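Each chain, written out:
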Amino acid sequence: MKTLKPFKAVELLERLESLDAMVAPVQRVVRRVLGTSDAADLLHGVPLGHPAHPFLVQLPTGALGAAVLLDAVPGAERAARTLLAAGLLAMPPAIATGLADWAEGHPQHLRVGLVHAGGNVVAAGCFAYSLTARISGRSGGRVSALAGLAVLGAAGFLGGHLSFRLASGANHVEAVPHLVPAGWSHLGLLQEIPERQLHRRMLGRVPLLLWREGDEISAISNECPHLSGPLHEGTVTGTEADTCVRCPWHGSEFSLSTGQVVRGPATAPAASFAVWVKDERVQVYLPGAG
Ligand code: FES
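Predicted, not measured: the structure shown is a model, and the values here were computed from it.

## Overview of a nonpolar patch on the surface
On the surface, a nonpolar cluster with roughly 290 Å² of combined accessible area is contributed by L4, F7 and F157. Residue position: F157 is located in helix α9 (residues 141-165). The exposure class assigned to F157 is partly exposed, which follows from its relative accessible area of 37%.

## So, the packing of aromatic side chains
Describing an aromatic ring pair means giving the distance of the ring centres and the angle of the ring planes. According to the stated counting rule, one finds two aromatic pairs in the structure shown. Here the aromatic residues W184, W276 and Y285 are joined through ring pairs into a cluster of three or more.

## Notes on helix α5 (residues 58-70)
Helix length check: α5 (13 residues) gives 18 Å between terminal C-alpha atoms against 18 Å at 1.5 Å per residue, within 8%. Of all the residues in α5, the buried ones are P60, A63, L64, G65, A67 and V68. Contacts from the buried residues of α5 go to α4 (53-56), α6 (77-89), α7 (91-102), α8 (107-136) and α9.

## Regarding the pattern of salt bridges
Tallying each qualifying case throughout the model produces 14 salt bridges. In this structure, E77 engages R134 in a salt bridge whose closest nitrogen and oxygen atoms are separated by 3.5 Å. Separated by 57 residues along the polypeptide, E77 in helix α6 and R134 in helix α8 bring together distant segments of the chain. Residue R134 is classed as buried on the basis of its relative accessible area of 10%. Linking E195 and R212 is a salt bridge whose minimum nitrogen-to-oxygen distance equals 4.0 Å. Residue E195 is found in the loop between β1 (185-189) and β2 (199-203), and its partner R212 is found in strand β3 (residues 206-213); the two are separated by 17 residues along the sequence. When its relative accessible area of 42% is taken as the criterion, E195 is described as partly exposed.

## Some points on unusual backbone geometry
Geometrically, the link from G264 to P265 is a cis peptide bond, its omega value of 20° lying close to zero. For P265, the location among the structural elements is in the loop between β8 (261-263) and β9 (272-278). You will see that S228, though not glycine, has its phi angle at about 70°, which is positive. With respect to the helices and strands, the residue S228 is situated in the loop between β4 (216-221) and β5 (235-238). What makes S228 partly exposed here is its relative accessible area of 25%.

## Here we look at the sheet that holds strand β10 (residues 281-285)
One open sheet holds the six strands; their spatial order is β1-β10-β9-β4-β3-β2, and the pairing between them is antiparallel. Of all strands in the sheet, those bounded by a partner on one side alone are β1 and β2. Adjacent strand axes in the sheet meet at a mean angle of 35°, parallel and antiparallel pairs treated alike. Both β3 and β4 contribute to a ladder of six bridges, which runs antiparallel. Paired with R212 across the strands is I217, a residue of β4.

## Section: the side chain of R212
Classification of R212 by relative accessible area gives buried; the value is 12%. One polar contact links the side chain of R212 to the main-chain carbonyl oxygen of L190, over a distance of 3.1 Å. In terms of polar contacts, R212 uses its side chain to reach the backbone carbonyl oxygen of G214, at 2.6 Å. Aside from chain neighbours lying at most four places away, what touches R212 is L190, Q191, I193, P194, E195, R196 and I217.

## Digging into the sheet that holds strand β7 (residues 253-255)
Across the sheet, which stays open at both edges, the four strands sit in the order β5-β6-β7-β8 with antiparallel pairing between neighbours. Sheet topology places β5 and β8 at the edges, where each strand pairs with a single neighbour. On average, each strand axis in the sheet is tilted by 40° relative to the strand beside it, whichever way the strands run. With two bridges joining them, β7 and β8 adopt antiparallel strand pairing. Within β8, the residue paired with E253 across the bridge is R263.

## Here we look at the nonpolar core
Formed by 18 residues in total, the largest nonpolar core has its most connected members in L208 and F273. Contributing elements (two or more residues each) for this core: β3, β4 and β10. In terms of residues, this core owes the most to one element, β3, which gives three residues.

## Overview of the domain arrangement of the protein
By the assigned domains, the protein splits into domain 1 (8-165) and domain 2 (176-285). A separation of 37 Å is found between the C-alpha centroids of domain 1 and domain 2. Opposite the 15 residues of domain 1 that make contact, domain 2 presents 11 residues. Together, the buried faces of domain 1 and domain 2 total about 950 Å²; carbon and sulfur atoms form 57% of this surface. The largest contributions to the domain 1 side of the interface with domain 2 come from V46, E104 and H106, which together make up 43% of the buried area. Two residues, R263 and D38, come together in a salt bridge whose shortest N-O distance is 2.9 Å.

What counts and what doesn't
Residues numbered from 1 in each chain as written. Predicted model: local features only at pLDDT ≥ 70, side-chain atom pairs only at ≥ 80, totals over all residues. Heavy atoms only, no water. Patch = residues over 30% accessible without salt bridge, like charges linked within 9 Å, V, L, I, M, F, W, Y side chains within 5 Å. Areas by Shrake-Rupley, 256 points an atom, 1.4 Å probe, with all protein chains shown as cover. Salt bridge = Lys/Arg side-chain N within 4 Å of Asp/Glu carboxyl O. Helix = DSSP H or I, 4+ residues; strand = E, 2+ residues; numbered from the N terminus. Buried < 20%, exposed > 50% of the residue type's maximum accessible area, 1.4 Å probe, protein only. Phe/Tyr/Trp six-rings, centres within 6.5 Å; stacked < 30°, edge-to-face > 60°. Expected span 1.5 Å × (residues − 1). Contact = heavy atoms within 4.5 Å. Pairing = 2+ DSSP bridges. Axes fitted to C-alpha atoms, helices over the stretch in contact; angles between N-to-C directions. Polar contact = N/O pair within 3.5 Å; in protein donor to acceptor, adjacent residues only side chain to side chain. Core = buried A, V, L, I, M, F, W, Y, C linked by side-chain atoms within 4.5 Å. Domains from an automatic or database assignment. Buried area = accessible area lost by both parts, 1.4 Å probe.

Shown next, in the form of structure tokens:
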């Protein structure tokens, strides 16, 4: 079945470079405000191991949608008004988490995301007008809420496109355990692995990142879980006790010994392999693989 024409337009949006002039200043401001901070990590959802934005949009979407439905129920005006207020109050955390994730995307994410955010701002304006109209007794409260819901739905469609077509927020190393064999695999000889250098080596179809200190070797998946950045082109950070790698694309940091996220925007850890060196032969094993 072919993609319907209106939905093809979203693909055009991804390539609409004229949006970049609007994207750049907003992205600059968001990055300057958040930087690489604990607050930024909280907004990305690093402590949860999962992006925070998708579940924070549930409350405003549900409350505002329910408010419009209640407009069709006689005598439910007060409940509709309460839900409108609750939905509007729940919007700022959803917007903040969305902006934090958006600012660390590919150009296609940034373009679609800008229109997604713009749609949500327009929807918020419609709902805010609706609420104030109801409180002050002005007309247009129901119509503006209905318009808000229509715009919110369109913006939500773009959010779905960002998540599922453009894989924004997805774990980009989810497939690793399905691509490497179960059990121990031979990776090479110890002398082939340089010391204290980020070293990329293939295990079948999966690129690994190796870090060697003497006979001790750490191995994690080389693709960044955020958006598949090449970690071997990154920089070494962390401490002697926990050496880390910083992704060259958006600055996520991962522990080389455990693969855990030390700094976002990534929320999912890198796949971490057990390493065994015997008779100069390096073997790796990924728990749960195969
Ligand atoms: S690809 Fe974005 S931080 Fe690595």
